[in-house]
Amino acid sequence: MISKRLLHLPGARMGASLLLALLQTIGALAEVLLLPVAIAAVGRSLGLAVPHALAWVPGRPGPLAALIGGLILVRFLTQAVARFVSARLADGMGKALSQALYLSVFDPNRQEDDLGVPAQTLARLSTEGVKSVVSYFTAYIPALVQTALMLVVTLAVLLPVSPLAAAIVVIGMVSLPLASKPTMGENIKVQLGQLRKYDKVGVHFEHALRGLNTLKIFGADQRQADDLAEESEGFRRITMGVLAGQLRSLIKADVVIYTSLILAVAATVLIGQGGPARVLSCLVVALAGVRLFAPERQLVYMMHSGMVAIKQGKAIDDILQARQGSDGKSAAPGTTAESRKSTGSETAPDASLETSEEAVRESDSESASKQADQADMSGDDSLGISARDLTYTYPDGFQALTDLNFNLPAKGHVGLVGASGSGKSTLAGLLSGRLQGYAGELTIGGCQICDLSREELVGLQTVVRGTDHIFTGTIRSNLDPAGLGYSDWELLDALDQVGLTGLVQSKGGLDAHIDPEGGNLSGGQRQRLSIARGLLRRSPVYIFDEATSAVDREHDATLAALMDALGKESLVLTITHRLAGVRNADSILFLQEGRLAESGGFRELLDAGGGFAAQWKEQAQYEDGE
Ligand SMILES: Nc1ncnc2c1ncn2[C@@H]1O[C@H](COP(=O)(O)OP(=O)(O)OP(=O)(O)O)[C@@H](O)[C@H]1O
C-alpha cells in the first residue's frame, strides 16, 4: 500500500501527503456536518420534531447562519489550502524526479553508453511514470490516510444519531477492501501487463521505423505492419481489460457501500427514536453515509493506479540507484598538464616496462613479425597510455582482449589496426571508460582508467566514432553542442581542416540548417563534421574509431595528414580497417584475435612480412602507389 522505496525518491514529501489527508478530512467533516445542520433546520421550519442527536443545531436564524457559514468557510479554506499544497508538491516532485532521471542519462560520470533500459521505457518513465508517482503522493496516499481518518469522522457524526448505524457503516468501511481483494491481484497483474505491452509495442515501432528502408528493400514492411497491428490490438484488448477491472472493483465497492447504508438506515428505523424524528435520523444516516464512504470509493478507483505508481516509482528508483552506483569514484588525478606531468614523474618505469623497451629496441624485421606481446612507443619520460597484461572479458564470457602490453607516448599518432573482430573497438571502449571491468592495468597519465570518473576521462579524451550522432540544428550547433561559444574563426578553421569549407559556403554559412540525423549531408560529410567537432575540444588524447570509414579517398588522405599533424600536440589513436590511413603514423599496434600480434612503424611492419604485411598486401591493390 505504502512503498518505503518511493518515500526516498527525489521531491517526495510524506509530510505534505499527510497534511493533504488531514485537510481533506477536515473539509469532509465540515461538508458532512452541513447535512444534519440542514436537515435539522429544514425539519424545524416544517414543524417536525428534531432528533435529540441534532439538538446542538441552533434554532435561531443568526447562530444557524453563522454555523452554516462557518462550515462552508472551513470546507472552502481546507479545499483551497489542499489545492495549494497539492500543486506545490506536484510541481516540486515532478521537477525533482524528471531532473534526476535526465541527469542519470546525461550525467558526465556515467560510465556506460548503454542506458540499461530501452529508450522507450525511459521516455515513458520520465513522462507518465513521473506523473503517476506524483499522483501517488498527491492523491493516492492522501486518500489512503483519509480513508482511515474517515472512520473517526463516521463515529463522530453517526454515533450520536444511531450507534448501530454507525457500527454498520464502520464495518462496511473496514470490509470494503476485503470485497475487492480477490480480484485486486488479477487487476494489478493486468495493469502491469498493459504497461509491459505498451513498452513492447513502442520499442517494436521505433525499431521498425528506424529499419524502414531495409524493410522496404526486402519487401518485409507489410509483415512488420501486420505484426505491429496485431501487437497494437493486443494492447487495446489489455487496456479494455484494465478498464473492465476498474469497473468491476467499483461495482463491488458500490454493492458493499449501498448494502451497508441500507442496513444502517434499517437499523435507524428499527431502533431509533419514533415519529418524524426517525425520518430525519434516517435522512442523516443515508446522506451523510454516502459522503462518508466517498474517500474510500475514490481509493478503490485509484487502487490500481496506486499499484502501478509503486511499480513505476521502483523502476525510476532503480535507474537513479544505478546512477549513484556509477558515482563516487575515487579521487582521480588532475586533468591539467601539470598534474599529469607530476603523476608521470612518480611512476618510474618498472621491470616489465624495461623489458618491453628492450623488446622494442631489439625488434628487427623478424622479431616484429613474431608475437609482439609488449610494445613501448613512449619514446620519452612523459606518460601517455599504458597497458599491462590487459585482459577484457565481455559479460557473456567472451574474452575479447588477452594480455595486452604497450606504452604509448603523451604525443604522437598511433594506429590501432587489425582484422574485423580483433578487439580494436573493445580497447577503445576501455580507454574511453565505456567498458569497465578489465583485468590487468590500463593507465592514462599514470592513473588507472578504472579509477577515473567519467568526467575526468571526458576531460582528457575526445572520442570520435564514425557513427557519432549529428543533431538536428545548424552546422554551428553541431560543432558546439555544449554552447561554449567558439568564435566563427575557430569553427571555420576546424571545418577547413576536415575539408568542409566548400560545404559551409554552399549551404550558406555556419547557421545553415542540418536535417535530423544529418539527412542533408553525405555519409562522409557527416563523419568529417564529427571530426571537426572533436578538433575543437583540443584534448590531450584523441581516439578516432573508424571515424573516416565513409570518407572518400581524396578526403581520407587529407584526414590522415590531419591526424599526423594533430599527433604533434596530442596523443592520437586512430582505429581503422584501412591501413593506408596510418601509413605515416609514428607507430602501429596490430591486433589479432584480441592479442597484440605486432607493433612498430609502418615500414617496419611491412618488412616483417607478418599478419600486418599480409593485410596490407590484400588492401594494396585498392590503394594508390602500392
Ligand atoms: N558486447 C559484446 N559482447 C560480447 N562480445 C562482444 C561484444 N562486443 C564485441 N564483442 C566481440 O569482441 C570481439 C572484438 O570486437 P571489437 O568490436 O572490439 O572488434 P573490432 O576489432 O573493433 O572489429 P571491427 O573492426 O569489425 O569493428 C569480437 O569477436 C566481437 O564479437
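In the annotation of an unreviewed UniProt entry, the chain is listed under the name ATP-binding cassette domain-containing protein and assigned to Bifidobacterium apousia.

Draft legend 1. A look at the sheet that holds strand β11 (residues 571–575). With respect to topology, six strands assemble into an open sheet ordered β7-β10-β11-β4-β12-β13, the strand pairing being mixed. The sheet is open, and its two borders are formed by β7 (461–465) and β13 (595–600), each paired with just one other strand. Adjacent strand axes in the sheet meet at a mean angle of 15 degrees, parallel and antiparallel pairs treated alike.

Draft legend 2. Molecular detail of the site of the ligand. Around the ligand, a shell composed of 13 residues is seen, among which S420, G421, K424, S425 and T426 lie nearest. The separation between an oxygen atom of the ligand and a polar main-chain atom of G421 is 2.8 Å. Residue H577 places a side-chain N or O atom 2.9 Å away from an oxygen atom belonging to the ligand. Relative to its free-state accessible area of 630 Å², the ligand is covered by the protein chains to the extent of 64%. No other element matches helix α12 (residues 424–432), which puts three residues into the shell around the ligand. When its residues are assigned to classes, the shell around the ligand shows four nonpolar, seven polar and two charged.

Draft legend 3. Broad picture of the UniProt feature "transmembrane region" (unreviewed entry) in the chain. Mapped onto this structure's residue numbering, the UniProt feature "transmembrane region" (unreviewed entry) falls at residues 64–85, 133–155, 161–179 and 255–271. Helix makes up 100% of residues 64–85 and strand 0%, and the two end C-alpha atoms of the span are 31 Å apart. Across residues 133–155 one finds 100% helix and 0% strand; the C-alpha atoms that close the span lie 33 Å apart.

Draft legend 4. View of the packing of helix α2 (residues 14–45) against helix α4 (residues 119–158). It is the contact of α2 with α4, at a shortest axis distance of 8 Å, that shows an interaxial angle of 40 degrees. Our classification of the angle between α2 and α4 gives oblique. Viewed along their axes, α2 and α4 form a crossing whose handedness is right-handed. Judged by residue contacts, M14, S17, L18, L20, A21, L22, Q24, T25, A28, L29, V32 and L33 of α2 engage F137, T138, I141, P142, V145, Q146, L149, M150, V153 and V157 from α4. Here the contact of α2 with α4 is composed, by residue class, of 17 nonpolar, five polar and no charged.

Draft legend 5. Summary view of the packing of aromatic side chains. Under the counting rule described, the total for this entry stands at eight aromatic pairs. Plain terms: the ring middles of F602 and W616 are 5.2 Å apart, the flat faces sit at 80 degrees to each other, and that makes the pair edge-to-face. Pair noted here: F602 is in helix α19 (residues 602–608) and W616 is in helix α20 (residues 611–620), with a separation of 14 residues, a long-range link. Residue classification places F602 among the buried positions, given a relative accessible area of 7%. Ring pairing ties together the aromatic residues F590, F602, F612 and W616, which thus form one cluster.

Draft legend 6. Representation of the pattern of salt bridges in the model. One pass over the full model with this rule turns up 14 salt bridges. With its nearest N and O atoms 2.7 Å apart, the salt bridge here joins E31 to R291. On the criterion of sequence distance, the pair formed by E31 in helix α2 and R291 in helix α8 (residues 276–326) is long-range, its members being 260 residues apart. For E31, a relative accessible area of 26% gives the class partly exposed. Residue classification places R291 among the buried positions, given a relative accessible area of 18%. Salt-bridge contacts for R476 lead to D511; the nearest nitrogen and oxygen are separated by 2.8 Å.

What counts and what doesn't
- Residues numbered from 1 in each chain as written.
- Predicted model: local features only at pLDDT ≥ 70, side-chain atom pairs only at ≥ 80, totals over all residues.
- Heavy atoms only, no water.
- Pairing = 2+ DSSP bridges.
- Helix = DSSP H or I, 4+ residues; strand = E, 2+ residues; numbered from the N terminus.
- Axes fitted to C-alpha atoms, helices over the stretch in contact; angles between N-to-C directions.
- Near = heavy atom within 4 Å.
- Polar contact = N/O pair within 3.5 Å; in protein donor to acceptor, adjacent residues only side chain to side chain.
- Areas by Shrake-Rupley, 256 points an atom, 1.4 Å probe, with all protein chains shown as cover.
- Nonpolar A, V, L, I, M, F, W, Y, C, P; charged D, E, K, R; others polar.
- UniProt positions renumbered as here; feature names shortened; annotations may be inferred.
- Parallel < 35°, antiparallel > 145°, perpendicular 65-115°, else oblique.
- Left-handed = near helix turned anticlockwise from the far one by under 90°.
- Contact = heavy atoms within 4.5 Å.
- Phe/Tyr/Trp six-rings, centres within 6.5 Å; stacked < 30°, edge-to-face > 60°.
- Buried < 20%, exposed > 50% of the residue type's maximum accessible area, 1.4 Å probe, protein only.
- Salt bridge = Lys/Arg side-chain N within 4 Å of Asp/Glu carboxyl O.

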